[in-house]
Amino acid sequence: MTRLPTADHEAQARQRREASKQAAERRLERERGLARQVAEWLGDDLMEVIEFRGQLTVICKLNRIHALLVWLRDELAFDMLVDATGVDYLKLEGDHPERFAVVYHVANTVREARLRIRTYVSEEDPTAPTASDVWAAAGWAEREIYDMYGLEFEGHPNLIRILLPHEYSGHPLRKDYPLRGRGERDNFPVIRRGGEADA
């Protein structure tokens, strides 16, 4: 009787882990190179480049954010906006020049690279230029940031609430948003379905 060779599952698992680790190191090195190119292009408008847990964040002055996003798409082939989000630093520790920030997560799908691009937005004028003309996907994300944080995007084609009713007052992800418990939704309009009567 012929015995089939048995696989060394432990060795295969070690090889997969090592290959994965090497791929992550190559990706991080590519991203470091791209971040250096971004920093050089920004010049004095670069605020900082941060590397944390294998991820790179480039912090740019607000007056250059739109031009940077266009340049990333056109010159460095960042062809995908993965996400855009807001941050409220009101009660967070650390040195932040403004209360709010907008963060764009962009990807170059050909080179398998990602960068986070952050810009600060003031509380007195919480407005940033839209990125919806750079990546169409930014339209929905910016509406969510507007709805949850109250940050506005100049040039956005349809900046209206996306999650909450239009009549809702306030922005729930702001750190100073009052948490009222019961009664929070009492001011929402009641929409009845056909044939339903008031209770």
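Residues numbered from 1 in each chain as written. Predicted model: local features only at pLDDT ≥ 70, side-chain atom pairs only at ≥ 80, totals over all residues. Heavy atoms only, no water.

Engineer: What should I look at first to understand the overall build of the chain in this one?
Structural biologist: Helices and strands together make up the secondary structure of the chain, namely 3 helices and 7 strands. When the elements of the chain are put in sequence order from the N terminus, they spell out α-β-β-α-β-β-β-β-α-β. Here the C-alpha radius of gyration of the chain, 23 Å, is well above what a compact globule of 199 residues would show, namely 16 Å. Projecting the C-alpha coordinates of the chain onto the three principal axes gives extents of approximately 80 × 60 × 35 Å. Burial statistics for the chain: of 199 residues in total, 36% are counted as buried. Restricting the contact set of the chain to residue pairs at least 6 apart, pairs at least 24 apart contribute 51%. Total accessible area on the chain stands at roughly 12900 Å², and carbon and sulfur atoms take up 49% of it. Averaging the positions of the 29 positive and the 35 negative side-chain charges in the chain gives two centres separated by 8 Å. (Helix = DSSP H or I, 4+ residues; strand = E, 2+ residues; numbered from the N terminus. Rg over C-alpha atoms; globule rule 2.2 N^0.38 Å. Buried < 20%, exposed > 50% of the residue type's maximum accessible area, 1.4 Å probe, protein only. Contact = heavy atoms within 4.5 Å. Areas by Shrake-Rupley, 256 points an atom, 1.4 Å probe, with all protein chains shown as cover. Lys, Arg positive; Asp, Glu negative; His and termini not counted. Charge placed at Lys NZ, Arg CZ, Asp CG, Glu CD.)

Engineer: Please explain the packing of helix H1 (residues 9-42) against helix H2 (residues 65-75) as it appears in this structure.
Structural biologist: Helix packing for two helices is described by the angle between their axes and how far apart those axes are. Running from N to C, H1 and H2 cross one another at 135°; their axes reach a closest spacing of 11 Å. Here H1 is positioned oblique relative to H2, judged by the angle of their axes. For H1 against H2, the interelement crossing comes out right-handed. From H1, Gln37, Val38, Trp41 and Leu42 reach across to H2, where they touch Ala67, Leu68, Trp71 and Leu72. Of the residues belonging to the contact of H1 with H2, the class tally is 7 nonpolar, 1 polar and no charged. (Axes fitted to C-alpha atoms, helices over the stretch in contact; angles between N-to-C directions. Parallel < 35°, antiparallel > 145°, perpendicular 65-115°, else oblique. Left-handed = near helix turned anticlockwise from the far one by under 90°. Nonpolar A, V, L, I, M, F, W, Y, C, P; charged D, E, K, R; others polar.)

Engineer: What's the story with helix H3 (residues 138-149) in this structure? I'm lost.
Structural biologist: Note that an α-helix has 3.6 residues per turn; residues three or four places apart therefore point the same way. Here H3 is 12 residues long and its end C-alpha atoms lie 16 Å apart, about the 16 Å a rise of 1.5 Å per residue gives. Extensive coverage of H3 is indicated by the burial of 9 of its 12 residues. In the stretch just after H3, glycine 150 is the one whose phi turns positive, near 80°. (Expected span 1.5 Å × (residues − 1).)

Engineer: What is the right way to look at the sheet that holds strand S3 (residues 80-88) in this model?
Structural biologist: Either a parallel or an antiparallel arrangement is found when strands of a sheet pair, and the pairing is made through backbone hydrogen bonds. Here 5 strands make up an open sheet; going across it, the order is S1-S2-S5-S4-S3 and the pairing mixed. The open sheet has two edge strands, strand S1 (46-52) and S3, and neither has a second partner. Strand-to-strand twist of the sheet, defined as the mean angle between neighbouring strand axes without regard to direction, takes the value 20°. Pairing between S3 and strand S4 (residues 100-108): 8 bridges, direction antiparallel. Bridged to valine 87 within S4 is alanine 101. Lying over the sheet, H1 contacts S1, strand S2 (55-60) and strand S5 (113-121), oriented at roughly 10° with respect to S2. (Pairing = 2+ DSSP bridges.)

Engineer: I would appreciate a short explanation of the packing of aromatic side chains in the present structure.
Structural biologist: A ring pair, where both rings are aromatic, is described by two values, the distance of the centres and the angle of the planes. Tallied over the entire structure, the rule returns 2 aromatic pairs. Both rings, one in tryptophan 41 and one in tryptophan 71, keep their centres 4.8 Å apart while their planes meet at 15°; by these two values the pair is stacked. Here tryptophan 71 lies in helix H2 and tryptophan 41 lies in helix H1, a separation of 30 residues in the sequence. Accessibility expressed as a relative area gives 15% for tryptophan 71, which makes it buried. Measuring from centroid to centroid gives 5.8 Å for tyrosine 89 and tyrosine 120, while their planes differ by 45°, and the two rings are tilted. Of this pair, tyrosine 89 sits in the loop between S3 and S4 while tyrosine 120 sits in strand S5; the two residues are 31 residues apart in sequence, bridging distant segments of the chain. Lying across the ring of tryptophan 41, arginine 64 places its NZ or CZ 4.5 Å from the centre. Looking at arginine 143, its charged tip hangs above the ring of tryptophan 140, at a distance of 5.4 Å from the centre. (Phe/Tyr/Trp six-rings, centres within 6.5 Å; stacked < 30°, edge-to-face > 60°. Lys NZ or Arg CZ within 6 Å of the ring centre and 35° of its normal.)

Engineer: So what exactly am I meant to see when it comes to the side chain of threonine 130 here?
Structural biologist: Along the polypeptide, threonine 130 turns up in the loop between strand S6 (127-129) and H3. Within the structure, threonine 130 has its side chain in polar contact with the side chain of glutamate 142 (distance 2.5 Å). Sequence-distant contacts of threonine 130, that is, excluding residues within four places in its chain, are made with His66, Glu142, Phe153, Glu154, Gly155 and His156. (Polar contact = N/O pair within 3.5 Å; in protein donor to acceptor, adjacent residues only side chain to side chain.)

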